[in-house]
Amino acid sequence: MAYGMGIARGLMVTFKHIFHPPVTVNYPEEQRQVPVRARTNLLWFEERCTGCSTCAQACPDGCILVQTTPRADGTLNIDRYEIDFRICMYCGLCTEACPYQAIQAGGRYDDAVYVFENMYRNKQTLTSEAHSYLERTSGRYPNGQLQEIIPLRTQMPTARSRVQVAGEEGPIGPQHLPSRANRD
Ligand code: SF4
Ligand code: SF4
């Protein structure tokens, strides 16, 4: 190769880009439009969640906490739903495991914090994130479904609630174990 060809090629690339508009933006003053279905974050939608904890079991980092109490109709009341984003690696396994697509990939990407502990999000924070997302998208979930068409509410019948609560007459189950107080 002739001496100086590399420099000439490099300069050609430089001159080509001098007359093009810049590809960078002045973040955070300017922000790029992110596609609405970009997998930027995790969003949890309580109205779709049954509290089954499949997401928590699928998470390799153990950063999802689900705490429920059973209702009389066999559904579960979600007392706590929390995600520890300090240890989340955004692998998306929880979103794939959820049978109701109650946790989905999407939402904002500008969620850097000054205080590390603020990356732990409880049910209230996750719900407000989900609500502001649905406001921005006119009620469309990241998976493209519309909120009013898929009203999967936990108080509505689900596979679990269609099964009669066993009670004392039902098949042998945990309810037949002697309570701690009655054990010999
Ligand atoms: S994205 Fe991965 S690490 Fe984060 S909560 Fe879901 S399963 Fe866990
Ligand atoms: S987010 Fe999905 S997998 Fe997790 S508890 Fe709710 S319904 Fe079950």
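In short, a report on the structure.

Turning our eyes to something else, we now look at the site of ligand 1. Around ligand 1, the structure places 13 residues, and the nearest of them are C59, C88, C91, G92 and C94. Across the shell around ligand 1, the residue classes break down as 11 nonpolar, one polar and one charged.

Pairing is antiparallel across the open sheet formed by three strands, whose spatial order is β2-β3-β5. Where the open sheet ends on each side, the last strands, each with one partner, are β2 (64–70) and β5 (120–121). Pairing analysis gives seven bridges linking β2 to strand β3 (residues 76–84), with the strands arranged antiparallel. Each residue of the ladder has a partner; that of Q67, found in β3, is R80.

To continue, consider the site of ligand 2. For ligand 2, the set of nearby residues contains 14 residues, the closest of which are C49, C52, S53, C55 and C98. Taken together, the residues that form the shell around ligand 2 break down as 10 nonpolar, four polar and no charged.

Moving on to the packing of aromatic side chains. In the structure shown here, the tally under the stated rule is four aromatic pairs. Between W44 and Y81, the aromatic rings sit 4.2 Å apart at their centres with planes inclined by 5°, giving stacked as the arrangement. Taken together, the residues span a long stretch of sequence, with W44 in strand β1 (residues 42–44) and Y81 in strand β3 at a distance of 37 residues. Pairing F45 with Y141 gives two aromatic rings, centres 4.7 Å apart and planes at 75°, and the pair type is edge-to-face. With a gap of 96 residues between them, F45 in the loop between β1 and α2 (54–58) and Y141 in the segment after α4 (123–136) connect regions that are remote in the sequence.

Now for the pattern of salt bridges. The tally for this structure, following the rule as stated, stands at seven salt bridges. Taken together, the shared-partner salt bridges in this structure form one network comprising D84, R86 and E117.

Now for a nonpolar patch on the surface. On the surface, I7, L11, F15, I18 and F19 cluster together into a nonpolar patch covering about 580 Å² of accessible area. Of the residues examined, L11 reaches a relative accessible area of 43% and is grouped as partly exposed.

What follows deals with the pairing of β3. Between β2 and β3, which pair antiparallel and follow one another directly, the connecting turn spans five residues, one of which, G74, has a positive phi of 95°. When β3 meets β5, the two strands line up antiparallel, connected through two bridges. Looking at β5, one finds that D84 is bridged to Y120.

Further remarks concern the nonpolar core. One finds I64, Y81, I83 and I103 to be the most contacted residues of the largest nonpolar core, which totals 19 residues. Within the residue set of this core, elements represented by two or more residues are β1, β2 and β3. Setting aside chain neighbours within four positions, we find Y81 in contact with W44, C55, I64, L65, V66, I103, R121, N122, K123 and L126. In terms of nonpolar packing, the next biggest core, distinct from the first, is built from six residues, F45, A130, Y133 and L134 among them.

Conventions used here
- Residues numbered from 1 in each chain as written.
- Chains lettered and ligands numbered in written order.
- Predicted model: local features only at pLDDT ≥ 70, side-chain atom pairs only at ≥ 80, totals over all residues.
- Heavy atoms only, no water.
- Near = heavy atom within 4 Å.
- Nonpolar A, V, L, I, M, F, W, Y, C, P; charged D, E, K, R; others polar.
- Pairing = 2+ DSSP bridges.
- Helix = DSSP H or I, 4+ residues; strand = E, 2+ residues; numbered from the N terminus.
- Phe/Tyr/Trp six-rings, centres within 6.5 Å; stacked < 30°, edge-to-face > 60°.
- Salt bridge = Lys/Arg side-chain N within 4 Å of Asp/Glu carboxyl O.
- Patch = residues over 30% accessible without salt bridge, like charges linked within 9 Å, V, L, I, M, F, W, Y side chains within 5 Å.
- Areas by Shrake-Rupley, 256 points an atom, 1.4 Å probe, with all protein chains shown as cover.
- Buried < 20%, exposed > 50% of the residue type's maximum accessible area, 1.4 Å probe, protein only.
- Core = buried A, V, L, I, M, F, W, Y, C linked by side-chain atoms within 4.5 Å.
- Contact = heavy atoms within 4.5 Å.

Without other data, these values stay purely geometric and don't point to any function.
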